[in-house]
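Descriptive analysis of the structure
These are the residues of each chain, in order.
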Amino acid sequence: MSKKPHPDSNTVLFFVKPRFISHRERISGVYAAAIRRGWQVHLIEEAPSAERLRTYVKLLRPMGCLVDLSTFTETIDARIYRKLPTVLIGRDPTRKRQILDCSCQNSGEPVRLAVDVLSGLGLTDFAFIGDPARPYWSVERGELFKKALPQNARSTEFDLPVDTIEGHRAMKAWLRSLPKPCGCFLAADHLAFSFYSVAAEA
């Protein structure tokens with residue numbers, strides 16, 4: 001089946017898994033643009049596969065497709081879209097055959113700034129808290145963080161999920177084991193909610 005856009009359609013498929021506030025804000029932006037252009041956005045909270053995409057194209061006959069790569073951990077193959085106009089949102093160097101890269105984010109700058117600030121406090125012990133799903137940007141920032149630390153610095157890291165009782169206890173035990181004082185760097189702002197909650201108890 002050829003995945004061509006239907007000439008009379010105003011439906012746009014939007015593959016996104018809104019786990020964080022930033023994702024929901026992006027969805028709001030897409031809906032705002034859709035209202036101005038008269039699109040009907042069909043939100044699909046699953047990673048697109050060739051089989052599922054064929055099903056949606058057959059049922060909804062869309063004019064195009066949006067895929068927010070930053071919300072998925074699965075590998076997305078851009079070849080499955082064929083002739084269906086598709087925009088892939090987000091940057092991930094581990095994914096294959098992306099047809100569009102819309103992100104200009106530089107992970108190195110916030111890492112260097114954080115290390116400069118923490119080192120300026122005279123700290124020699126550091127900790128990195130990564131995203132539990134280990135997406136490319138979290139792994140990348142963790143590696144950059146370790147490389148940017150002073151030569152005599154000691155570092156450790158934590159990337160277990162903390163939205164369970166076991167994970168909450170694990171982070172609490174890990175925080176208690178850290179030397180004091182210790183400079184902590186979080187891979188993304190959404191991790192701060194869990195971090196501060198657990199740190200208050202540790």
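In the block above lies the structure referred to throughout.
Now for a look at the structure at hand. Everything numeric here is computed off the predicted structure, so don't read it as measured data.

For any two helices packed against each other, one specifies the crossing angle of their axes together with the interaxial distance. As a packed pair, helix α5 (residues 165–177) and helix α6 (residues 191–199) sit with axes 9 Å apart at the nearest point and diverge in direction by 65°. The element α5 and its partner α6 pack so that their crossing is right-handed. Contact with α5, carried on its side by His 168, Met 171, Lys 172 and Leu 175, involves Ser 194, Phe 195, Ser 197, Val 198 and Ala 199 of α6 and no other residues of that element. Class assignment for the residues of the contact of α5 with α6 results in five nonpolar, three polar and one charged.

By the element assignment, Lys 172 lies in helix α5. Within the structure, Lys 172 has its side chain in polar contact with the side chain of Glu 201 (distance 3.1 Å). Filtering out sequence-adjacent residues up to four positions away, Lys 172 remains in contact with Val 198, Glu 201 and Ala 202.

What follows deals with the sheet that holds strand β2 (residues 40–44). As summarised here, the arrangement of the four strands in space is β2-β1-β3-β4, forming an open sheet in which the pairing is parallel. Strand pairing shows two members of the sheet lacking a second neighbour, β2 and β4 (86–89), which therefore form its edges. Each strand axis lies, on average, 20° off the axis of its neighbour in the sheet, ignoring direction. As judged from the five bridges shared by strand β1 (residues 11–15) and β2, these two strands associate in the parallel manner. From the neighbouring strand, Phe 15 faces β2, where its bridge partner is Ile 44. Packed on one face of the sheet, helix α2 (residues 50–60) meets β1 and β2 and runs near 155° to β1.

Taking strand neighbours across the sheet as the criterion, the three strands line up as β6-β5-β7 in an open arrangement whose pairing is parallel. Each edge of the open sheet carries a strand with a single partner, namely β6 (154–158) and β7 (183–186). Averaged over neighbouring strand pairs, the angle between their axes works out to 20° when direction is ignored. Taken strand by strand, α5 contacts β5 (125–129) and β6, and its axis lies near 170° from that of β6. α6 contacts β5 and β7 of the sheet and is inclined by roughly 145° relative to β7.

We now examine the pattern of salt bridges. Under the defined criterion, the tally for this structure stands at five salt bridges. Close ionic contact of Lys 146 with Glu 157 constitutes a salt bridge, the shortest N to O distance being 3.3 Å. Of this pair, Lys 146 sits in helix α4 (residues 136–148) while Glu 157 sits in strand β6, and the two are eleven residues apart along the sequence. Using a relative accessible area of 36% as the deciding quantity, one classes Glu 157 as partly exposed. Here Lys 172 ties to Glu 201 by a salt bridge, and the two come within 3.1 Å at their closest N and O atoms. Remark: Glu 201 occurs in the segment after α6 and Lys 172 occurs in helix α5; sequence separation between them is 29 residues.

Cut-offs and rules
- Residues numbered from 1 in each chain as written.
- Predicted model: local features only at pLDDT ≥ 70, side-chain atom pairs only at ≥ 80, totals over all residues.
- Heavy atoms only, no water.
- Axes fitted to C-alpha atoms, helices over the stretch in contact; angles between N-to-C directions.
- Helix = DSSP H or I, 4+ residues; strand = E, 2+ residues; numbered from the N terminus.
- Left-handed = near helix turned anticlockwise from the far one by under 90°.
- Contact = heavy atoms within 4.5 Å.
- Nonpolar A, V, L, I, M, F, W, Y, C, P; charged D, E, K, R; others polar.
- Polar contact = N/O pair within 3.5 Å; in protein donor to acceptor, adjacent residues only side chain to side chain.
- Pairing = 2+ DSSP bridges.
- Salt bridge = Lys/Arg side-chain N within 4 Å of Asp/Glu carboxyl O.
- Buried < 20%, exposed > 50% of the residue type's maximum accessible area, 1.4 Å probe, protein only.

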